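# Chains, contacts and geometry: an overview
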Amino acid sequence: MLYNIFSNIAGVRQYITAAFFAAFAICFVLLKIKLPFLPKDKGRAFAVNGEASKGKIRGVGLVMIAVFVLCSVFFMPVKAELLCYAALIFIEMLSGYFDDASDKPWSDYKKGFIDLVVCTLISVVFVCNNPTSFVIFNHSVSIHPVLFAVLSTILLWIGINVTNCADGVDGLCASLGIVSLLSITVLFFEKIGVQYSVFGFIMIGVLAAYLCFNTSPSSQLMGDAGSRPLGLIIVIMILKSGHPFAYILLSAVLLVDGIAGLIKIFLKRFFKIEVLKNVRTPIHDEMRKNHGWSDTQVVIRFSLVQVLFSAVCFLICK
């Protein structure tokens with residue numbers, strides 16, 4: 001709505017900046033209030049320093065994603081594609097929030113099924129509104145829409161789960177999310193345009209506000225309500241860029257941190273094959289437990305590594 005009113009009045013940078021600060025301010029105020037209906041963390045028995053989270057406000061992803069969706073609708077042109085993305089991101093947030101608030105955690109199969117449905121619907125929406133082509137090594141490749149939808153569904157599902165795995169250290173998931181979204185927006189600005197640059201910067205503003213309460217020692221946790229839809233948002237931005245393989249570099253740390261655990265669980269559960277027996281997963285737990293890194297060291301070092309990978313992507317894709 002505001003896009004149609006102000007996009008022709010303000011410059012591009014001013015408009016994107018306004019969207020960023022609006023998202024930051026609204027999210028910060030709501031998180032500062034500490035809404036009483038949000039659940040409290042019960043601690044995680046198998047996570048490194050899991051007991052330290054006990055009693056903290058959990059599931060603030062409900063606030064974060066609500067602000068993101070609200071600001072997206074107001075600051076971006078109201079189109080069917082955007083409204084579908086917003087609705088599906090909100091649904092993914094709700095599934096994560098109900099899991100966060102539940103006395104008994106939902107099963108992996110239940111969460112996996114919801115993720116699959118949401119990812120499939122996002123892929124269908126994308127294919128119906130965008131060309132099914134992508135760039136690899138500066139060459140454009142077009143594929144059948146059905147195959148594109150299948151591959152994008154897989155990428156979205158991976159994005160949800162690796163981002164969720166990073167939400168185990170104060171400040172880590174949000175920091176890596178900011179680096180990835182900022183890298184995508186800056187590198188592919190001409191491709192995604194002003195509209196989806198606003199989309200990215202709104203989420204960056206939300207994450208920046210959240211970090212005010214989540215840096216170590218944190219007082220609030222986004223939970224599945226925040227980390228899972230964040231994974232969707234990053235991949236949607238990548239798909240809009242037309243460079244899906246850039247996700248490997250622009251979210252490299254999220255991938256490495258989370259995918260090792262996913263592979264480990266998958267092989268053990270379905271094929272009774274045990275791998276990485278002496279490595280704790282996610283990798284951030286390995287660094288904290290077996291290498292003595294503090295939470296702050298994990299966040300700073302992982303973020304710096306992601307910045308380096310993003311720089312490599314800038315060299316390759318420019």
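Residues numbered from 1 in each chain as written. Predicted model: local features only at pLDDT ≥ 70, side-chain atom pairs only at ≥ 80, totals over all residues. Heavy atoms only, no water.

### Regarding the nonpolar core
Which entries qualify depends on this criterion: Grouping buried Ala, Val, Leu, Ile, Met, Phe, Trp, Tyr and Cys residues that are joined through side-chain atoms within 4.5 Å yields what is termed a nonpolar core. Here's how the labels work: a residue is buried when its accessible area is under 20% of the maximum for its type, exposed when over 50%, partly exposed in between, all with a 1.4 Å probe on protein chains only. Only runs of H or I of at least four residues qualify as helices and only runs of E of at least two qualify as strands under DSSP, and these elements are numbered from the N terminus. In what follows, residue pairs with any heavy atoms lying within 4.5 Å of each other are defined as contacts.
Core analysis: the biggest nonpolar cluster contains 92 residues, and Met 64, Phe 68, Leu 181, Phe 199, Met 203 and Leu 207 have the highest contact counts within it. Among the elements that take part in this core, helix α8 (residues 189-214) stands out by supplying 14 residues, more than any other. Here Leu 181 is in contact with Gly 200, Met 203, Ile 204, Leu 207, Leu 230, Ile 233, Ile 234 and Met 237, once residues within four sequence places are set aside.

### Remarks on the confidence of the model for the protein chain
Put simply, the rule is: The pLDDT value tells you how sure the predictor is about a given residue, anywhere from 0 up to 100.
This prediction gives the protein chain a mean pLDDT of 89; 92% of its residues lie at or above 70. At the low end of the mean pLDDT range in the protein chain sits helix α1 (residues 2-6), at 57; at the high end sits helix α7 (residues 172-187), at 97.

### Thoughts on the layout of surface pockets
What counts is decided by this rule: Residues are called lining when one of their atoms sits within 4 Å of a cavity or pocket point, these points coming from a 1 Å grid over the protein atoms alone, where a cavity is a set in which a 1.4 Å probe fits but cannot get out and a pocket is an open set with protein on both sides within 12 Å along at least five of seven lines. Grid points are joined across faces, edges and corners, and a volume is the space filled by probe spheres set on the points. Three classes are used, and their members are as follows: Ala, Val, Leu, Ile, Met, Phe, Trp, Tyr, Cys and Pro are nonpolar, Asp, Glu, Lys and Arg are charged, and the others, Gly among them, are polar.
Of the pockets and cavities examined, the second largest pocket occupies roughly 340 Å³. Broken down by secondary-structure element, the contributors of at least two residues to the lining of the second largest pocket are α6 (145-165) and α10 (247-250). No other element matches α6, which puts six residues into the lining of the second largest pocket. Here the lining of the second largest pocket is built from residues that sort into 13 nonpolar, one polar and no charged.

### Concerning unusual backbone geometry
Omega for the bond connecting Ser 216 with Pro 217 falls within 30 degrees of zero, at -5 degrees, which places this linkage in the cis form. Topologically, Pro 217 is positioned in the loop between α8 and β4 (220-221). Cis peptide bonds are those with omega within 30 degrees of zero, and the linkage from Thr 281 to Pro 282 qualifies with -5 degrees. Note on placement: Pro 282 falls in the loop between α11 (252-271) and α12 (283-291). Although it is not a glycine, Lys 34 sits at a positive phi angle of roughly 60 degrees. With respect to the element layout, Lys 34 can be found in the loop between α2 (12-33) and β1 (57-58).

### Re the packing of aromatic side chains
Put simply, the rule reads: Each Phe, Tyr or Trp ring, with Trp reduced to its six-membered ring, pairs with another whose centre is within 6.5 Å; inter-plane angles below 30 degrees give stacked pairs, above 60 give edge-to-face pairs, and intermediate values give tilted ones. Counted as over-ring charges are cases with an Arg CZ or a Lys NZ within 6 Å of the ring centre that also lie within 35 degrees of the ring normal.
Taken as a whole and judged by the stated rule, the model has 11 aromatic pairs. The interplanar angle of 70 degrees and the centroid separation of 5.0 Å between the aromatic rings of Phe 68 and Phe 199 together place this pair among those described as edge-to-face. You can see Phe 68 sitting in helix α3 (residues 61-75) and its partner Phe 199 sitting in helix α8, a full 131 residues away along the chain. You can call Phe 199 buried: its relative accessible area is 1%. Ring centres of Trp 293 and Phe 302 lie 6.2 Å apart, and the angle between their planes is 75 degrees; this geometry places the pair in the edge-to-face category. Joined through ring pairs, the aromatic side chains of Phe 20, Phe 21, Phe 24, Phe 28 and Phe 213 make up one cluster. The ring of Trp 106 is capped by Lys 110, whose NZ or CZ atom sits 4.0 Å from the centre of that ring.

### Here we look at empty space enclosed by the protein
Left-over empty space is what a probe sized like a water molecule reveals as it rolls over the atoms. Applying the stated rule across the entire model yields one cavity of 30 Å³ or more. Taken as a whole, the largest cavity spans an internal volume of roughly 40 Å³. In terms of lining residues, the largest cavity is bounded by Glu 92, Ser 95, Gly 96, Asp 99, Trp 106, Lys 111, Ile 114, Asp 115 and Arg 228. Looking at the lining of the largest cavity, the elements with two or more residues in it are α4 (80-101) and α5 (108-129). The class makeup of the residues in the lining of the largest cavity is two nonpolar, two polar and five charged.

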